[in-house]
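Secondary and tertiary structure notes
Each chain, written out:
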Amino acid sequence: IKSSVMELPEGFKCEFEGLAEGLREAPSVSVRCNLRKRAVLPDGAARVLWCPSGFYLDGRMPFTFDPALHQGLYYVQDASSMVYDYIVRLLTADGAPKSYLDACAAPGGKTTAAIDALPDGSVVVANEYVRARAEVLRENIIKWGYDRVFVSCGDTRAFRKLKEEFDIVAADVPCSGEGMFRKDPEAVAQWTPALVEECAARQREIVDNLWPALRPGGYMIYSTCTFNRAENEDIVRYVIEEYGAEPIEVPVPDEWNILRREGCMHFLPGRVRGEGLTVAVLRKPGEYAARVEKSEKQRQEKPQPQIAACRKYLRDPDAYTWIVEDDTVIAVPDRKLYGRLSKALDLRLKGIEAATIKGRDVIPAQSLAMSCALADGVFPVHEVDYRTAVSYLRRESITLADAPQGYVLLTYSGCSLGFVKNLGRRANNLYPQQWRILSTHTPDTPPEVLGHRRVCP
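Residues numbered from 1 in each chain as written. Predicted model: local features only at pLDDT ≥ 70, side-chain atom pairs only at ≥ 80, totals over all residues. Heavy atoms only, no water.

1. Brief notes about helix H9 (residues 193–210)
In a regular helix each residue adds 1.5 Å, so 18 residues correspond to 26 Å; H9 covers 26 Å between its end C-alpha atoms and thus fits that length. Along H9, the residues classified as buried are Leu195, Val196, Cys199, Ala200, Gln203, Ile206, Val207, Asp208, Asn209 and Leu210. (Helix = DSSP H or I, 4+ residues; strand = E, 2+ residues; numbered from the N terminus. Expected span 1.5 Å × (residues − 1). Buried < 20%, exposed > 50% of the residue type's maximum accessible area, 1.4 Å probe, protein only.)

2. A short note on the sheet that holds strand S22 (residues 427–429)
For sheets, the rule is that strands pair by backbone hydrogen bonds, running either parallel or antiparallel. Strand order across the open sheet formed by four strands is S19-S20-S21-S22, with mixed pairing between neighbours. The sheet is open, and its two edges are formed by strand S19 (381–383) and S22, each paired on a single side. With strand direction ignored, the average angle separating the axes of adjacent strands in the sheet is 40 degrees. The pairing of S19 with strand S20 (residues 406–412) spans three bridges and is classified as parallel. Looking at the pairing, Glu383 lines up with Thr411 of S20. Those strands touched by helix H14 (residues 386–393) are S20, strand S21 (415–422) and S22, and its axis lies near 70 degrees from that of S21. (Pairing = 2+ DSSP bridges. Axes fitted to C-alpha atoms, helices over the stretch in contact; angles between N-to-C directions. Contact = heavy atoms within 4.5 Å.)

3. Observations concerning the environment of Asp102
Summarising the element assignment, Asp102 is placed in strand S5 (residues 99–102). Sequence separation between Asp102 and Asp172 is 70 residues; the distance between their C-alpha atoms is 7.9 Å. Sequence-distant contacts of Asp102, that is, excluding residues within four places in its chain, are made with Lys110, Thr111, Val125, Ala126, Asn127 and Ala170.

4. Quick notes on the packing of helix H5 (residues 83–91) against helix H6 (residues 109–117)
In the contact formed by H5 and H6, the axes pass within 8 Å of each other and the chain directions differ by 40 degrees. On the basis of the axis angle, H5 is oblique to H6. Note that H5 runs across H6; the crossing there is right-handed. Only Lys110, Ala113, Ala114, Asp116 and Ala117 of H6 make contact with H5, whose side of the interface consists of Tyr84, Asp85, Val88 and Arg89. Here the residues of the contact of H5 with H6 are counted per class, giving five nonpolar, no polar and four charged. (Parallel < 35°, antiparallel > 145°, perpendicular 65-115°, else oblique. Left-handed = near helix turned anticlockwise from the far one by under 90°. Nonpolar A, V, L, I, M, F, W, Y, C, P; charged D, E, K, R; others polar.)

5. Regarding the sheet that holds strand S14 (residues 321–325)
Reading across the sheet, the four strands line up as S14-S15-S17-S18 and stay open at both edges, with antiparallel pairing between neighbours. Edge strands, defined here as strands with exactly one partner in the open sheet, are S14 and strand S18 (361–364). Taken over all neighbouring pairs, the strand axes of this sheet differ in orientation by 25 degrees on average, direction set aside. With four bridges connecting them, strand S15 (residues 328–332) and strand S17 (residues 352–358) associate as antiparallel partners. Bridged to Ile330 within S17 is Glu353.

6. Structural notes on the packing of H9 against helix H10 (residues 233–243)
Running from amino to carboxyl end, H9 crosses H10 at an angle of 40 degrees, the nearest separation of the two axes being 11 Å. Considering the angle they form, H9 stands oblique to H10. The hand of the H9/H10 crossing is right-handed. Within the contact between the two elements, H9 uses Ala200, Gln203, Arg204, Val207 and Asp208 and H10 uses Ile235, Tyr238, Val239 and Tyr243. Considered class by class, the residues forming the contact of H9 with H10 number six nonpolar, one polar and two charged.

7. Quick word on the pattern of salt bridges
Evaluated as defined, the whole model comprises 26 salt bridges. Notably, a salt bridge pairs Glu198 with Arg202, separated by 3.1 Å at the nearest N-O pair. Note that Glu198 and Arg202 are positioned in helix H9 at a spacing of four residues, about one turn of the helix. The partner of Glu262 in a salt bridge is Arg229, with the nearest N and O atoms 3.2 Å apart. One end of the pair, Glu262, is in the loop between strand S11 (259–261) and strand S12 (264–267); the other, Arg229, is in the loop between strand S9 (214–224) and H10, and 33 residues separate them in sequence. Classification of Glu262 by relative accessible area gives partly exposed; the value is 47%. Overlapping salt bridges, with partners in common, bring together Arg229, Asp234, Arg237, Glu241 and Glu262 in one network. (Salt bridge = Lys/Arg side-chain N within 4 Å of Asp/Glu carboxyl O.)

8. Focus: the state of the cysteines
Applying the stated criterion to the full structure yields zero disulfides. Considering cysteine sulfurs only, Cys51 is the nearest to Cys33, which forms no disulfide, with 8.8 Å between them. We classify Cys33 as buried; its relative accessible area is 0%. Judged by its relative accessible area of 1%, Cys51 is buried. (Disulfide = S-S within 2.5 Å.)

9. Focus on helix H7 (residues 131–144)
Across its 14 residues, H7 extends 20 Å between first and last C-alpha, which sits within 8% of the 20 Å expected from 1.5 Å per residue. Within the sequence span of H7, burial applies to Ala134, Leu137, Arg138, Glu139, Asn140, Ile141, Ile142, Lys143 and Trp144. Phi for Gly145, located one or two positions after H7, is positive at around 90 degrees.

Structure below.
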């Protein structure tokens, strides 16, 4: 970080004083509750100033062994990144549903923060370039439970084809990682001035790819987890000069202690209780003319019996287009948008995966168990204790006493955990194999990240 600070103009040097000392402090640990699943903060929690659902922990906990994490009741996220909740709420204050793109979304923290802040009915596209990270993103999005999300995997060049599609485009771009120095020694080892230049070039390319997909009058949220000018202020100036973007001054209280410079907000260790983040908001000039959708004749097709069987799983089945793809029954939000996305993107999640067809059997999917759109009373419910919940999350065979036979929705502390097929003497565990807990250790008592009162009644 010393090289970056030395290159700053005189006015910046005094503002960044204390950063080196802040980077030597222990990293903070913070958690954000899932508002759509009615998760609540523990009594007396130290709150994140800019995110009403975020709070700090005194240190790291064994999150892996907390069923609430796997149930999507909370997300472990740096407090600085939770400012996405605050920004998205400001940009959507009119309450109208929005189309939202998170173009560099893995592992999903900023996407889920935006989901909680977006008005009901909004549609979200979350993209990740790296295939393995896209799978992690998909898992975290499913666990969060919002029903109107598409997950894609690929280069941001694909979004050039989706002209003026999104009201808000978020670009948390790959960067040199100076904000990771407290948590990741590898980030320190790999940092060089050449890396900064390489990242800045990539960031300009990503912005160039995404700008056509933003509607006139729409907003781009640009962020990095780094501090230097080349990857932040210089990129903001590039977007302003190249595309006529209007920098938006996000109102923040002085007590938040956020450094503001040339259209950027810097969350600096030593100034805020969080890791490094720089964020800017830019408005695309012009006003958006609503898209005129072509009317389509509805083809009269014989409904597939598997779809008919799955429609009752959701509270409002008519809000979706139902398809069967690769033996999976999917409830797709926004049919026309789906048609445009499917032509341009490699989609890995297309809404709610309701069930898998296996012969004559229709097997309910984990995506359905996690969804906030799951209808009440569709499946018999069986509450399990902590040790059984952890066994289930390891995908071990479990035995259920006094549970009905057939497909059963397991709950822990009153919240959905996942499905089993109860055969009587044993239950087939339907938890996704790739999501299972690998450790064989089980704590004697469950981690109490959310405390005893996990959700609102």
